[in-house]
Amino acid sequence: MTKVSELLHNIIYDDILQKIKSHKYDEGDLLPSELKLCEFYNASRTPVRQALQRLYDEGFIVRQAGAGTFVAGRKFWPDIEMGGCGEELCDKGPYLKCCTLAVKEICTDKELSELLNVPLETPTVMVERVRYFHNEPIHYLKHYTFCLSAKDLFKHGNFSSMLAIYEQQGRLPVWHLYGSDTNEMIGIQSVPVIADAILKNMKGFNYEWAYQAMKASMMSDYKGLSYVTKLEYIPADKEKESVAKGLEYAIADWGVAQVARKLGKVDDYEYFSKRALAYQKYWDKDTRFFRGKNQDGSWLTPFNPVHSTHRNDAYCEGNGWQYTWLIPHDVEGLISLLGGDDAFVSKLDSLFSVNADLGDAASPDISGLIGQYAHGNEPGHHTVYLYSYAGLQWKTAEKVDYILSQMYHDSPDGLQGNEDCGQMSSWYVFSSLGFYPVNPSNGIYVFGRPIFDKVALKLPENKVFEIKTVNNSRENKYIQSVQLNGRPYDKSYISHADIVNGGTLVITMGNKPNKDFGANMDCRPKSAIK
C-alpha cells in the first residue's frame, strides 16, 4: 500500500508559496505548525459513485497531470506537481491506472458523491490535509485516490484532456500523437466533437470553459483562420488546401454557433452562424464545384475537378468532386446551390459514375473509389447518406448496402483506406446498425441499411435501445417501413434523444424500394437544430 507521505509528496500551491516566501521560507519547506489528518478507507467501504458535476458547474476543470493522474482545479490554479500514485492500489480488477483527484473545497462524502463524474466500484483511499499559518487554517485539501477503469478513462478523460491541451497551447487539439499536437491536418476537429457533447447534454466538463476554448480556437490564426476572420474566405494564392480548410472551418463554426445559442450568447451565435455559411464563398456557379479563390477574387486556374496534387492544391487528400459534398452542417444550402432536389440528385449520381484519371501526383489517400466517391478517406464518408435529404432514402440504402458488403472483409486488405484513428471501422459500425451521423453535431442519425437482425444498445440508467430488423437478408436491402416504440415512424432519420430515452426501433426490409419512405419534406433529415 502506498504511504500517505508518498501520495502527498510534492503537492505545492503558489498561493501557499507566496506566504512562504514572504516569511523567507524556502520553496518546498513545510509551513509552521502544519497539521496532517490522514484516514484510509478500507476495502469494504462503499466507494464514491456519482458525478462531480458541481465542480464543473462552479468553474472547475479536470486536467491530466501525469500518466493516469487527473487533477480537478479552477482555471486560475497554478500547475500542480502530483506525487507518485502507487499502482499496487490497482492490483485487482481490470483497471488501467490510479487516479488522484485534488478537490480544493471542504465537502462531505455525500456532496462529493454528487460531484464525482466517474462511477467506481473500487476501494477508495482518502487523504485530508489542512495547512496552518500562524495557527490559522489557510488551505484544505482532500485527495481521493482510486482505480479508474479503461472504459471510464476513455469516457471522461477525452474532453478534459482536450481542454488541458487548450490550456497548454492556446488552441484545442488538431491531431495528437505521442503526447503532442502534430498540427498535421486541416481543420480543428475537436471543436465539432466538443460541440456535439454539449448539445447532447453530456456531463463531465464545464460548458462555459469549453465554449471559450472552442471560440478562441476558431478565432486563432491556425492554418488560414485569420483570413476567415478578415476576408470570410481563405485565398488560394496565400494558403494551400484553401477549399478543404474553409469547408472544415465552416463545419466547426456551425458547432460553435449552436453552442453559443444554447448558452445564451446571442452575438456569438449570429457571428458564427454567418461564418458557417462561408463555404458559399468557394462556390463557382459556372463549373458547379467548390474552387480555390485568389485574394483578388479571381478563381485559381487551371481547374480540373478530377485532378489531384497531394497536399499541394486547393483540396486536401481529395479533388473537386469529393469536396463538393463536405457541407454536412447545411445540406439544404448545398441543395440550393446546385439548383434544387433534382439537380442535387443528378450531381450526386454522377459522383458515383464519373471515371477519370486523377493525375500522376494524386493523393494516395484517394482510395476505395466508386466513380469519384472515395470511401478510403474521411471527407466523403457521409456522402452516401445525402440522398435522404432530397427524399430518396432508398438510394442511400443501395449505396450503403454495396459498401458494407463489398468494401469490408476479414483479410489484410479488408479496409479500403487509412483507418485513421478508427474512422473506417466507425463508419462500418454505425452503418451496420442502420444509421449514420451526417452532421457531426446536430444529434441526427440518417437511416441507411441495417445488417443485423437485432442489436441492443445499453444506455445509462439501465436503459436499452433495441434495433430489430424484420425480413433481413442479403437481397432485402430497402427499408419498407419503420416503427418506433410500437408506433408507425415515417422519418428517414432518428434523433439522439429518441435513442437515449430507450425503446425499440423495428425496421422492416424488402427487395424493392419503397420510394415513399422518407420522401415528404417533413420526413427528411434536417441540418438545423430545433
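Our subject is the structure listed above.
Residues numbered from 1 in each chain as written. Predicted model: local features only at pLDDT ≥ 70, side-chain atom pairs only at ≥ 80, totals over all residues. Heavy atoms only, no water.

### With respect to the nonpolar core
Within the largest apolar cluster, 86 residues are counted, with the highest numbers of intra-cluster contacts made by Leu 172 and Phe 344. Examining the composition of this core, we find that eleven residues originate from one element, helix α9 (residues 242-262), more than from any other. When residues no more than four places from it in sequence are discounted, the contact partners of Leu 172 are Met 162, Leu 163, Tyr 166, Asp 181, Ile 188, Ser 190, Val 191, Ile 194, Ala 213, Met 214 and Ser 217. Counting 18 residues, the second-largest nonpolar core is a separate cluster that includes Leu 459, Phe 465, Ile 507 and Met 509. (Core = buried A, V, L, I, M, F, W, Y, C linked by side-chain atoms within 4.5 Å. Buried < 20%, exposed > 50% of the residue type's maximum accessible area, 1.4 Å probe, protein only. Helix = DSSP H or I, 4+ residues; strand = E, 2+ residues; numbered from the N terminus. Contact = heavy atoms within 4.5 Å.)

### A word on the sheet that holds strand β14 (residues 444-447)
Taken in spatial order, the three strands line up as β13-β14-β19 in an open sheet, and their pairing is antiparallel. Strands with a single pairing partner mark the edges of an open sheet, and in this sheet they are β13 (435-436) and β19 (493-495). (Pairing = 2+ DSSP bridges.)

### Structural notes on the pairing of strand β17 (residues 478-484)
Pairing analysis gives six bridges linking β17 to strand β20 (residues 503-510), with the strands arranged antiparallel. Its bridge partner lying in β20, Tyr 478 is registered against Gly 510. Across two bridges, the pairing between β17 and strand β18 (residues 487-488) is antiparallel. Looking across to β18, one finds that Leu 484 is bridged to Arg 487. Between β17 and β18, which pair antiparallel in sequence order, lie two residues; one of them, Asn 485, sits at a positive phi of approximately 55 degrees.

### What to know about the packing of aromatic side chains
The full count for this structure, using the stated rule, is 20 aromatic pairs. Geometrically, the ring pair formed by Trp 427 and Tyr 436 is tilted, given 6.4 Å between the ring centres and 45 degrees between the ring planes. Judged by relative accessible area, which is 0%, Trp 427 ranks as buried. According to the relative accessible area criterion, Tyr 436 is buried, its value standing at 8%. An aromatic cluster is present here, built from Tyr 385, Tyr 408, Trp 427, Tyr 428, Phe 430, Phe 435, Tyr 436 and Tyr 445 joined pairwise through their rings. Lys 347 extends its terminal NZ or CZ atom over the ring of Phe 289, reaching a point 3.6 Å from the ring centre. (Phe/Tyr/Trp six-rings, centres within 6.5 Å; stacked < 30°, edge-to-face > 60°. Lys NZ or Arg CZ within 6 Å of the ring centre and 35° of its normal.)

### Points about the environment of Trp 299
Checked against the element boundaries, Trp 299 lands in the loop between β10 (289-290) and α11 (320-323). The contacts of Trp 299, once residues within four sequence positions are left out, are Lys 281, Tyr 282, Trp 283, Asp 284, Arg 291, Gly 292, Lys 293 and Asn 294.

### Description of the packing of helix α6 (residues 190-199) against helix α7 (residues 207-218)
For the pair α6 and α7, interaxial distance at closest approach is 10 Å and the crossing angle is 150 degrees. Here α7 runs roughly antiparallel to α6, going by the angle between their axes. Relative to α7, α6 is oriented so that their crossing is left-handed. Facing Val 191, Ile 194, Ala 195, Ala 197 and Ile 198 of α6, the residues of α7 in contact are Tyr 207, Ala 210, Met 214, Ser 217 and Met 218. Here the residues of the contact of α6 with α7 are counted per class, giving nine nonpolar, one polar and no charged. (Axes fitted to C-alpha atoms, helices over the stretch in contact; angles between N-to-C directions. Parallel < 35°, antiparallel > 145°, perpendicular 65-115°, else oblique. Left-handed = near helix turned anticlockwise from the far one by under 90°. Nonpolar A, V, L, I, M, F, W, Y, C, P; charged D, E, K, R; others polar.)

### Observations concerning unusual backbone geometry
Backbone torsion omega between Thr 301 and Pro 302 reads -5 degrees, so that peptide bond is classified as cis. For Pro 302, the location among the structural elements is in the loop between β10 and α11. For Glu 241, which is not glycine, the phi torsion reads 60 degrees and is therefore positive. Looking at where Glu 241 falls in the secondary structure, it is placed in the loop between α8 (225-231) and α9. Accessibility expressed as a relative area gives 4% for Glu 241, which makes it buried. Its identity is not glycine, yet Asn 471 carries a phi of approximately 60 degrees, on the positive side. Within the secondary structure layout, Asn 471 lies in the loop between β16 (464-470) and β17.

### Remarks on the sheet that holds β18
Read across the open sheet, the five strands follow the order β15-β16-β20-β17-β18; overall the sheet is mixed. Single-partner strands in this sheet number two, and they are β15 (454-458) and β18.

### Considering the side chain of Ser 308
Its location among the elements puts Ser 308 in the loop between β10 and α11. On the accessibility criterion, Ser 308 (1% relative accessible area) is buried. Polar contacts involving the side chain of Ser 308 include one to the main-chain amide nitrogen of Ser 363, which spans 3.2 Å. Those residues in contact with Ser 308 that sit more than four places away from it in its chain are Asp 313, Gly 318, Leu 358, Ala 361, Ala 362, Ser 363 and Ile 366. (Polar contact = N/O pair within 3.5 Å; in protein donor to acceptor, adjacent residues only side chain to side chain.)

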